[in-house]
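Chain residues, written in single-letter form:
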Amino acid sequence: MGSLTGLLEGFATAAQPEYLLYALLGVTLGTAVGVLPGIGPAMTVALLLPLTYSLDPTAALIIFAGIYYGGMYGGSTTSILLNTPGESASVVTALEGNRMARAGRGAAALATAAIGSFVAGTIATVLLTLLAPTIADIAVTLGPADYVALMVVAFMTVATLLGSSPVRGLASLGLGLFIGLVGTDTLSGQQRFTLGVPTLADGIDVVVVAVGVFAVGEALYVASRLRHGPVEVVPVGGKWFTREFWSRSWKPWLRGTFIGFPIGTVPAGGADVSTFLSYAAEKKLSKRPEEFGKGAIEGVAGPEAANNAAAAGVLVPLLTLGLPTTATAAVIVAAFQSYGIQPGPLLFTNNSAMVWALIASLYIGNVMLLVLNLPLVKIWVKVLQIPRPYLYAGILLFAALGTYAVNFVVDDLIVLLVIGVAGFFMRRHGYPVAPLVVGLILGPMAEEQVRRTLQISEGSLAALVTSPFAAIAYSVLFVVLAVAVVMRVRRRKVSV
């Protein structure tokens, strides 16, 4: 099926009233959680995973994709008006956006963030449409050793590039790999690390882990750091659109798009890295460098475009190779697996109708998000006033109910509590949780591919690194890690 034909059929499906409502629900929830500090798309998708089992896979994935895109939009509102990024990728937006708001130009900052997100999201989704089928066709030809190399690249980059410390990232990855080993070994039939608990013989459900670390752990962490008293929100002031607004914004939008998308397609830190790169590029190319640090509109336009372009780029390896490179992508992979669908090279062949409807819904969701984020921004400002105790108490309640609904087993609630507390301490001490979930999801798959490679090569370990693709993948890994070291130095300079 050609890309154009598949996309048109996808639009025919996504434009049905039922799926339009699901897309609207997803982008609305995503914007809301992006606005609220401390609640991100990963937590929301994890929280809703158990509650969407009654939906068909297409509807559920359209909702989750809408949440993902909407969270990227909504994070800019909190960054600009509250100077508290709702998502880590919105940290750069707060540098200039909040200063614009305090200088009475909050409307222009919100407008350039929303329109830039729309422009970047649309262009990046077009690139996703064109690239994904081609990459999937290439991926079909890969062997077990090649997939091992891809997973090693994903493990190392996600573990070392997410969070402030590579050592802590690797520790989080190791914990995820260990949890993935719990259960019954498919080859020998022996139980591993089950402690004699019958419930653990089938392994620990990915949904329970995702809800535990993202919902329970995050809620406990944010609740422990709640500020007392009312939240100070900067009023939305100034004009929305001026001639200067357009002249200074359109180039950063385009540059941010073409910086963010390629970075999103590789396991190199996703939106976080792309926003810092875009900010550095705009600062270097600006004709008014003295305004940076005081409220430069380019410092909002470029990073916000890069943020949303990277979000679309992340879907390329997710859909074509089954590799999640961000926390939200990891939870979306869990959503696929909960329906018995494995994202990867055969997704466009075995589930073409579903995946094209999903991609078509991204175009529709982008238009919906532009409408939601420009005229209705004052409503999202009101969301910031929700009392935090009520909000996080509700999250914990839904997390418990949703987890129990997965298997209707009380033991799952005990596992949820243990993992939630572990997630809390990880956040408390600076250990990123995304590598844990990536390790849990990809660990068993990597183990299977390693065994398959060794069986084919009759036990030769050299087979893991001698294929041309594997050699290229490990070379790319070396380059990415070297670039990451340089980026960390630059990021510290920008932060200062």
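Residues numbered from 1 in each chain as written. Predicted model: local features only at pLDDT ≥ 70, side-chain atom pairs only at ≥ 80, totals over all residues. Heavy atoms only, no water.

Before going further, it helps to examine the overall build of the protein chain. Along the protein chain, the regular secondary structure elements total 20 helices and two strands. Counting the 496 residues in the protein chain, one finds 57% classified as buried. Once local pairs closer than 6 in sequence are excluded, the contacts in the protein chain between residues at least 24 apart make up 80%. For the protein chain, the accessible surface area stands at approximately 20,400 Å², while carbon and sulfur atoms represent 67% of it. (Helix = DSSP H or I, 4+ residues; strand = E, 2+ residues; numbered from the N terminus. Buried < 20%, exposed > 50% of the residue type's maximum accessible area, 1.4 Å probe, protein only. Contact = heavy atoms within 4.5 Å. Areas by Shrake-Rupley, 256 points an atom, 1.4 Å probe, with all protein chains shown as cover.)

The next subject is the pattern of salt bridges. With the rule as written, the count across this model stands at five salt bridges. For Arg 192, the salt bridge goes to Glu 447, with nearest N and O atoms at 2.9 Å. Here Arg 192 is found in strand S2 (residues 191-192), whereas its partner Glu 447 is found in helix H19 (residues 434-456), with 255 residues between them in sequence. On the basis of relative accessibility, which here comes to 23%, the residue Glu 447 falls in the partly exposed class. Glu 448 is the salt-bridge partner of Arg 452, the closest N and O atoms lying 2.8 Å from each other. Highlighted residues: Arg 452 and Glu 448, both in helix H19, separated by four residues, approximately one helical turn. What you see here is one network of salt bridges that share partners, running through Arg 192, Glu 447 and Arg 451. (Salt bridge = Lys/Arg side-chain N within 4 Å of Asp/Glu carboxyl O.)

This part takes up the nonpolar core. By size, the foremost hydrophobic cluster in this structure holds 115 residues, and its most contacted members are Phe 64, Phe 214, Leu 319 and Phe 336. With 13 residues, helix H9 (residues 206-224) is the single largest residue contributor to this core. Excluding residues that lie within four positions of it along the chain, Leu 319 makes contacts with Phe 336, Pro 343, Gly 344, Leu 347, Phe 348, Val 355, Leu 358 and Ile 359. Ranked by size, the runner-up nonpolar core spans 17 residues in total, among them Ala 101, Ala 111, Ala 113 and Ile 115. (Core = buried A, V, L, I, M, F, W, Y, C linked by side-chain atoms within 4.5 Å.)

One can describe the packing of helix H2 (residues 17-35) onto helix H15 (residues 352-373) by two numbers: an axis separation of 10 Å at closest approach and a directional angle of 50°. Put simply, H2 runs oblique to H15. Handedness of the crossing formed by H2 with H15: right-handed. Within the contact between the two elements, H2 uses Leu 20, Ala 23, Leu 24, Val 27, Thr 28 and Thr 31 and H15 uses Ile 364, Gly 365, Met 368, Leu 369, Leu 372 and Asn 373. (Axes fitted to C-alpha atoms, helices over the stretch in contact; angles between N-to-C directions. Parallel < 35°, antiparallel > 145°, perpendicular 65-115°, else oblique. Left-handed = near helix turned anticlockwise from the far one by under 90°.)

Scanning all chains against the criterion turns up seven aromatic pairs. Between Phe 11 and Tyr 363, the aromatic rings sit 5.6 Å apart at their centres with planes inclined by 45°, giving tilted as the arrangement. With Phe 11 in helix H1 (residues 3-14) and Tyr 363 in helix H15, the pair connects residues that are 352 residues apart, well separated along the chain. Taking the relative accessible area as the measure of exposure, Phe 11 reaches 29% and is therefore partly exposed. (Phe/Tyr/Trp six-rings, centres within 6.5 Å; stacked < 30°, edge-to-face > 60°.)

Attention now goes to unusual backbone geometry. Located in the positive-phi region is Phe 193, a residue other than glycine, with phi close to 55°. Along the chain, the position of Phe 193 falls in the loop between S2 and H9.

Another aspect to go through is the environment of Ser 249. Note that Ser 249 resides in helix H10 (residues 243-265). Judged by its relative accessible area of 0%, Ser 249 is buried. Each C-alpha atom of the pair Ser 249 and Gly 116 lies 8.0 Å from the other, and the pair is 133 residues apart in sequence. Those residues in contact with Ser 249 that lie beyond four places of it in its chain are Thr 112, Ile 297 and Ala 301.

This next bit is on the side chain of Thr 453. Within the element layout of this structure, Thr 453 appears in helix H19. The buried category is assigned to Thr 453, whose relative accessible area is 5%. A polar side-chain atom of Thr 453 sits 2.8 Å from the main-chain carbonyl oxygen of Gln 449. (Polar contact = N/O pair within 3.5 Å; in protein donor to acceptor, adjacent residues only side chain to side chain.)

Attention now moves to the environment of Leu 319. In this fold, Leu 319 is placed in helix H12 (residues 298-321). Separated by 24 residues in sequence, Leu 319 and Pro 343 have C-alpha atoms that sit 5.3 Å apart.

The next thing to look at is a nonpolar patch on the surface. A contiguous nonpolar patch, built from Leu 220, Leu 396, Leu 417, Val 421 and Phe 425 and spanning about 390 Å² of accessible area, is present on the exposed surface. Looking at where Phe 425 falls in the secondary structure, it is placed in helix H18 (residues 410-428). A residue is classified by how much of its surface remains accessible, and Phe 425, at 43% relative accessible area, is partly exposed. (Patch = residues over 30% accessible without salt bridge, like charges linked within 9 Å, V, L, I, M, F, W, Y side chains within 5 Å.)

Let us now look at helix H6 (residues 106-139). Side chains of residues three or four places apart in an α-helix project in the same direction, reflecting 3.6 residues per turn. Relative to the 50 Å expected for 34 residues at 1.5 Å per residue, H6 spans 46 Å between its end C-alpha atoms, a close match to the ideal helical length. The sharpest bend along H6 comes to roughly 30°, located at Leu 131, with the proline Pro 133 sitting one to four residues further on. (Expected span 1.5 Å × (residues − 1). Bend = angle between axes of the 7 residues up to and from the residue.)

Here we come to the packing of helix H3 (residues 41-48) against H9. Two elements in contact, H3 and H9, have axes separated by 8 Å at closest approach and are oriented at 120°. With respect to H9, the axis of H3 lies oblique. Crossing of H3 against H9: the hand is left-handed. Only Ala 210, Val 211, Phe 214, Ala 215, Glu 218 and Ala 219 of H9 make contact with H3, whose side of the interface consists of Ala 42, Met 43, Ala 46 and Leu 47. Looking at the contact of H3 with H9 residue by residue, the classes come out as nine nonpolar, no polar and one charged. (Nonpolar A, V, L, I, M, F, W, Y, C, P; charged D, E, K, R; others polar.)

By the element assignment, Ser 172 lies in helix H8 (residues 166-181). The class for Ser 172 is buried, based on a relative accessible area of 2%.

Glancing now at H18. With 19 residues, H18 extends 27 Å between its outermost C-alpha atoms, agreeing within 8% with the 27 Å of an ideal straight helix rising 1.5 Å per residue. Buried within H18 we find Asp 412, Val 415, Leu 416, Ile 419, Gly 420, Gly 423, Phe 424 and Met 426. Where H18 terminates, the next one or two residues include Gly 430, which has phi positive at roughly 80°.

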